[in-house]
Amino acid sequence: MGTRARRTKSPTHNGTSPGSSKEAGTTNGHANGNSIGRAKGKGTVRRMNSNIELSRRNISHDSSEAVTANLMSRESFSLDNDPDFKTAGSTKGNSNNVASNGFFDMPEQDQKNFGLLVLLYFLQGIPLGLATGSVPFLLKQHMSYGEIGIFSLASYPYSLKLLWSPIVDAVWSPKVGRRKSWILPIQLLSGIGMLWLGSHVEGMMAATGKTGGPTIWNFTGWWFFLVLMCATQDIAVDGWALTLLSPGNISYASTAQTVGLTAGQFLSYTVFLAFHSKDFANRWFRATPLDHGLMSLGGYLTFWGWAYIAVTIGLGLIKREERTRNEDGIWDVYKIMWGVLKLRNIQTIIIVHLIAKIGFQANDGVTNLKLLDKGFGTENMALTVLIDFPFEIALGYYAGKWSQEFTPMRLWCWGFMGRLVAAVLAQLTVAIFPAEGVTSWYLLVVIGEHIFSTFTNTVMFVAVSAFHAKIADPVIGGTYMTLLATVCNLGGTFPRFFVLRLVDAFTTATCTPPPLSKEAPYSCALQPDKDACLAAGGACTVQRDGYYSVNVICVALGVATFVLFIRPKVLRLQALPMRAWRLSGDASSSPKY
C-alpha cells in the first residue's frame, strides 16, 4: 500500500520523471502497457499468401522508458528494492536493458514463456492460414470469383482490430488475469467453432450457392468468426508478452510472433494444400491411386479444434498470470487515435495507403486462382509456395538492409514499380499456359514469377514499415503505429472484394449443349453454370476472360495514381520535419496539399 503512495512522488529507476510514466507506457507500443500498440517496427515478415499482411512488433527498438513502464506494471514491482536486471538477460553495460545476449542466455522462466508465446501465436496461424490461403483455393472448385470475393471479407477482422483493441485492454477480470480473461474464452470458442465447422465444412462447400444449400454469406460468417477470434486473441497475447518476458528480453516477443504465426500459416496453407491434394498423395505416397488426399479439411479442423480446447484447459490450470494494473481507460485511447487522425499529413498517408494497392489486386487475388482454373493443380501450387517460402525470408532480410541504405519511401516507390511489372508478368504467365498441361519449364516460369512478385511485395512492406517507425510520435508510439498498420492492411483487403466481382462481370463465356440436346446455348461465365454445362456434356467456350481485362484496368490505375499522386506525395511526406507528424506540433508548420 505504501509503495503505490510513494510511486507518485518518486522518480523512476532510469531517471524518468513521474509525469512521464504514462508516456513511457505508450512508447512501449501499448498505451501505458496496453496491447493496443504492438509497435509495428522493421522486424517484419510478409505473409506468404498475400491476402493479409501482418506486421511484426520489434520491441528491441523501444526506449528505456518502455522498459521502466513494463517494470512498473508488474505485480512484483516495488520502489523498496532495485530491479534485478541481471535476471533479464540483458547485455552487460547496456543501461537500457533492452537487448539479450541470446535465447539460451535467458533465464529458464523466460525460455518457457517464450515457448508459450510461440504456441499461442502458432494457434492463431492455423485458422488464419486456412481462411486466407487454403480455403479460397478449395472454393474455386465450387464457386465463382464473385463468391470467392465475398469470402475474402472473412479476413477483415485482422485489418480492423484497432477498433476494439482498447476494449480488450480495459475490460478484464482481476481473478482470472488481464490477458487470460480474453485468451481463455476466445480459444475455447475458437475450438468449439472449429469442431462444428469440421463436421459440416465439406458438405457446406459442396452445397453453398446451390439450390437449397447455404448461402456464401453463411459460409463466410463462420470463417469471419474464426478470424475475429484470432484477431482478438492477438491483441491479448501481444499485451501479455510484455509481462511474460523479462524487461531485457522483451525483444523476443516479436521473434515469438514471427516464428509462431509463420509456422501456423505455413502448416495450414502450404502443407495442408499439399496433403489435401489427391494428385500429390498418389504421386508421392501411394502405390494405388485414390480419389482423395491424405488429409481432409473437416478432419484438419476437427483435430485443431480439440487441440485448441486442450491448450486452453492446460493454460487455465497451469499458467498463472502476474497481476498488472489497469492504466488508461477505453476512451483515453480512442481520444489519442482521433487526435492522430486529425493530423493533415496522417490524412494524406491514409489516402495513399487506401489506393496504393489497387494496381496489384488482380495479381494478388486472382492470378493463383486463375492458374488453378486452367489446370495448374493444387499440388503444383503448394510446391510453388513451398519453394517461394525460403526466398521470401532471405529476400526480406535484404529488403531490410536496403531500407537502411536508402530513404524508406524511395525504396517503397521502387518496390511499387516492380510490383506493377510483376502484375504484368503474371498475366503473361497465365496467358501462355501450355495446351498440353503443366510442363517442367512452365512450372519453373510460375515459380520464378511468384518469387519476383513476393520480392517486390516484401520490399514495399519492409520500406513502409520503416517509414512508419520513423514518423511515429514516440509519446504515443503504440497507437500511432497500429493506426498506420491498420490502414495499410485495409488498403490491401477492401479492394479485393470488388476486383473478384469484376472478374465475373467482365467474363463472357457460352455453353454449347451436346448435339442431341434441345437446350439453347447459354452463358457459362460463372462457375456453377460452367459445372452444369460440363456435367450435361456441353462445351463452355470463353470469348473474353475477365481476369485479363481487370488486371489491365488495375495496372493502368496503379500507374496513373502512382505517377500523378502517390509518388509525389510520399516523397514530399518523407521530406517533412518530425514536428509535422506530432500531435503537439504547430499545424501551420505543415505544408498544405
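What counts, and where the lines are drawn
- Residues numbered from 1 in each chain as written.
- Predicted model: local features only at pLDDT ≥ 70, side-chain atom pairs only at ≥ 80, totals over all residues.
- Heavy atoms only, no water.
- Salt bridge = Lys/Arg side-chain N within 4 Å of Asp/Glu carboxyl O.
- Helix = DSSP H or I, 4+ residues; strand = E, 2+ residues; numbered from the N terminus.
- Buried < 20%, exposed > 50% of the residue type's maximum accessible area, 1.4 Å probe, protein only.
- Axes fitted to C-alpha atoms, helices over the stretch in contact; angles between N-to-C directions.
- Parallel < 35°, antiparallel > 145°, perpendicular 65-115°, else oblique.
- Left-handed = near helix turned anticlockwise from the far one by under 90°.
- Contact = heavy atoms within 4.5 Å.
- Nonpolar A, V, L, I, M, F, W, Y, C, P; charged D, E, K, R; others polar.
- Expected span 1.5 Å × (residues − 1).
- Pairing = 2+ DSSP bridges.
- pLDDT = per-residue confidence, 0-100.
- Disulfide = S-S within 2.5 Å.
- Core = buried A, V, L, I, M, F, W, Y, C linked by side-chain atoms within 4.5 Å.

J.: Can you tell me about the pattern of salt bridges, naming the residues and giving the values?
T.: Throughout the structure, instances matching the rule amount to 6 salt bridges. In this structure, Asp 373 and Lys 370 form a salt bridge, with 3.7 Å as the shortest nitrogen-oxygen distance. Highlighted residues: Asp 373 and Lys 370, both in helix H15 (residues 361–374), separated by 3 residues, approximately one helical turn. For Lys 370, a relative accessible area of 6% puts it in the buried group. One salt bridge connects Asp 545 with Lys 370, and the closest N-O pair in it is separated by 3.1 Å. Separated by 175 residues along the polypeptide, Asp 545 in the loop between strand S3 (539–544) and helix H21 (546–574) and Lys 370 in helix H15 bring together distant segments of the chain. Both residues of the pair, Asp 545 and Lys 370, count as buried. Each member of the salt-bridge network shares a partner with another, and the members are Lys 370, Asp 373, Lys 530 and Asp 545.

J.: Got a sec to walk through the packing of H15 against helix H18 (residues 440–471)? Specific residues and values, please.
T.: Viewed as axis vectors pointing N to C, H15 and H18 meet at an angle of 170°, and their least axial separation amounts to 13 Å. The orientation of H15 relative to H18 falls into the category roughly antiparallel. In the packing of H15 onto H18, the handedness of the crossing is left-handed. Residues Asn 363, Asn 368 and Leu 371 of H15 lie in contact with H18, whose contacting residues are Tyr 442, Val 446, Glu 449, His 450 and Ser 453. Counted by class, the contact of H15 with H18 contains 3 nonpolar, 4 polar and 1 charged residues.

J.: Please provide a residue-by-residue account of helix H14 (residues 344–356), values included.
T.: Between its first and last C-alpha, H14 extends 18 Å over 13 residues, near the 18 Å set by a 1.5 Å rise per residue. Restricting attention to buried positions, one finds in H14 the residues Asn 345, Ile 346, Thr 348, Ile 349, Ile 350, Val 352, His 353 and Ala 356.

J.: Just give me the short version of the sheet that holds S3, but keep the residues and values in it.
T.: Strand order across the open sheet formed by 3 strands is S2-S1-S3, with antiparallel pairing between neighbours. Looking at which strands have only one partner, the edges of the open sheet turn out to be strand S2 (522–523) and S3. Sheet topology note: the strand S1 (residues 508–512)/S2 ladder contains 2 bridges and is antiparallel. Each residue of the ladder has a partner; that of Cys 511, found in S2, is Tyr 522.

J.: An account of the confidence of the model for the chain is needed here, citing residue identities and associated values.
T.: One rule of thumb: low pLDDT means the predicted coordinates there are not for detailed reading. In the predicted model, the chain carries a mean pLDDT of 78, and 78% of its residues have values of at least 70. Under a pLDDT of 50 for its full length, residues 1–51 has, in the predicted model, 178 contacts with residues more than four places off or in other chains. This stretch, residues 585–593, has a pLDDT under 50; its non-local contacts, to residues over four places away or in other chains, come to 16 contacts.

J.: Describe the packing of helix H17 (residues 408–431) against H21, and please don't skip the residues or the numbers.
T.: What describes two packed helices is the angle between their axes and the distance between those same axes. The geometry of H17 relative to H21 is characterised by a closest axis approach of 10 Å and an angle of 175° between their N-to-C directions. When the axis of H17 is compared with that of H21, the two are roughly antiparallel. Here the contact of H17 with H21 is built from residues that sort into 21 nonpolar, 4 polar and 2 charged.

J.: For the side chain of Asn 368, give the residues involved together with the corresponding values.
T.: Structurally, Asn 368 can be placed in helix H15. By relative accessible area, Asn 368 is classed as buried at 16%. Residue contacts for Asn 368: discarding those within four places in its chain leaves Phe 137, Tyr 269, Met 381 and His 450.

J.: Explain the state of the cysteines to me, using residue names and the numbers behind them.
T.: For the structure shown, the criterion picks out 2 disulfides. Covalently, Cys 511 is tied to Cys 533 through a disulfide, its sulfur atoms 2.0 Å apart. Linking Cys 511 and Cys 533, the disulfide has an S-S dihedral of approximately 90° and is accordingly described as right-handed. Here Cys 533 lies in helix H20 (residues 527–535) and Cys 511 lies in strand S1, a separation of 22 residues in the sequence. Each member of the pair, Cys 511 together with Cys 533, is buried. Here Cys 524 is linked by a disulfide to Cys 540, with a sulfur-sulfur distance of 1.9 Å. One quick way to see it: the torsion about the S-S bond of Cys 524 and Cys 540 is about 100°, and its sign makes the bridge right-handed.

J.: How would you sum up the environment of Phe 497? Please name residues and give values.
T.: Looking at the element boundaries, Phe 497 is found in helix H19 (residues 477–506). Using a relative accessible area of 17% as the deciding quantity, one classes Phe 497 as buried. Taking the C-alpha atoms as reference points, Phe 497 and Gln 361, 136 residues apart in sequence, are found 9.6 Å from one another. Not counting residues within four places of it along the chain, the set of residues in contact with Phe 497 comprises Gly 149, Ile 150, Ser 152 and Leu 153.

J.: I'd like a description of the nonpolar core, backed by residues and values.
T.: Counting residues in each nonpolar core, the largest one holds 90 residues, and the members touching the most others are Phe 219, Trp 223 and Leu 297. Here this core takes 16 residues from helix H4 (residues 108–139), the largest share from any one element. Once residues lying within four places of it in the same chain are set aside, the contact partners of Leu 297 are Leu 130, Val 135, Leu 138, Val 201, Glu 202, Met 205, Phe 272 and His 276. In terms of nonpolar packing, the next biggest core, distinct from the first, is built from 40 residues, Phe 467, Ile 566, Leu 576 and Trp 581 among them.

J.: Kindly report on the environment of Phe 406, identifying the contributing residues and their values.
T.: Along the chain, the position of Phe 406 falls in the loop between helix H16 (378–405) and H17. The class for Phe 406 is partly exposed, based on a relative accessible area of 34%. A C-alpha to C-alpha distance of 9.4 Å links Phe 406 and Ala 463, two positions 57 residues apart in sequence.

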